[in-house]
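A structural walkthrough
Letter by letter, the chains look like this.
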Amino acid sequence: VQLQASGGGLVQAGGSLRLSCAASGKTSSIFRLGAMGWYRQAPGKQRELVAESSRGGITNYADSVKGRCTVSRDNTKTTVYLQMNSLKPEDTAVYYCHAEAPNRVYWGQGTQVTVSS
């Protein structure tokens, strides 16, 4: 399974971005994916969970993004989105797509989000 993330970029504080991450690979594998979501890592900091969605649609958010971000998945459950609004400079980080499968975890290549003040 490969995860291809897109949608990062440079935005001013208060702006919005939408990240997308599509899973590809063996059909039998991508349709067995469980939770999918997003982590981020800022310079000098540990990677942290931003938001995730279970296959059944149960969502989980970091306290720092609650009310500003929405995670969702498409009907096939193979693409995950992160709508980020009211962005702050402290949201600047590399955002990594993440997907869980039986017995392993997949990571995307990361997409840079930079929020200018």
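As shown above, the structure is provided for reference.
First, a word on what this report is: a plain description of the structure on this page.

Criteria and cut-off values
Every chain begins its residue count from 1, and numbering advances along the sequence as written. For a predicted model such as this one, the threshold for reporting local features is a pLDDT of at least 70, and the threshold for listing and counting side-chain atom pairs is 80 or more; totals across whole chains, interfaces and linings nevertheless cover every residue. Side-chain metrics in this entry use all non-hydrogen atoms of the structure; hydrogen atoms and water are not considered. Put simply, DSSP H or I for four residues or longer makes a helix, DSSP E for two residues or longer makes a strand, and each gets a number counted from the N terminus. What the globule rule says is 2.2 Å times the number of residues to the power 0.38, and the radius of gyration is computed from C-alpha atoms. Three exposure classes are used, based on accessible area relative to the maximum for each residue type with a 1.4 Å probe and protein chains only: buried under 20%, partly exposed in between, and exposed over 50%. Contact definition: two residues touch when any of their heavy atoms are within 4.5 Å. Methods summary: accessible areas were calculated by the Shrake-Rupley approach with a probe of 1.4 Å, and residue burial reflects only the protein chains presented. Counting rule applied: Lys, Arg positive; Asp, Glu negative; His and chain ends not counted. A charged residue contributes its charge at one atom only: NZ of Lys, CZ of Arg, CG of Asp or CD of Glu. Pairing of aromatic rings covers Phe, Tyr and Trp, the last through its six-membered ring, and needs centres within 6.5 Å; plane angles under 30 degrees mean stacked, over 60 mean edge-to-face, and all others mean tilted. Criterion for a charge above a ring: Arg CZ or Lys NZ at most 6 Å from the ring centre, at most 35 degrees from the ring normal.

The helix and strand inventory of the chain stands at one helix and eleven strands. The linear arrangement of helices and strands in the chain, starting from the amino end, is β-β-β-α-β-β-β-β-β-β-β-β. In terms of overall size, the chain behaves like a compact globule, its C-alpha atoms giving a radius of gyration of 14 Å where 117 residues would be expected to give roughly 13 Å. The principal-axis extent of the C-alpha atoms belonging to the chain is close to 45 × 25 × 20 Å. Across the 117 residues of the chain, 44% fall into the buried class. Sequence separation of 24 or more characterises 51% of the internal contacts of the chain that already satisfy a separation of 6 or more. Summed over all atoms, the accessible surface of the chain reaches about 6100 Å², with 47% contributed by carbon and sulfur. Charge-centre separation for the chain: the mean point of 13 positive side chains lies 7 Å from the mean point of 7 negative side chains.

With that settled, the discussion passes to the packing of aromatic side chains. Under the counting rule described, the total for this entry stands at one aromatic pair. A cation over an aromatic ring shows up here: arginine 18 above the ring of tyrosine 81, its NZ or CZ 4.1 Å from the ring centre. Note that arginine 47 overlies the ring of tyrosine 96, its terminal NZ or CZ placed 3.7 Å from the centroid.

Here the focus is the environment of glycine 25. Within the secondary structure, glycine 25 is located in the loop between β3 (17–24) and α1 (27–30). When the C-alpha positions of glycine 25 and cysteine 69 are compared, they lie 28 Å apart, and in sequence the two are 44 residues distant. Leaving out residues up to four positions away in the same chain, glycine 25 has contacts with Gln2 and Ile30.

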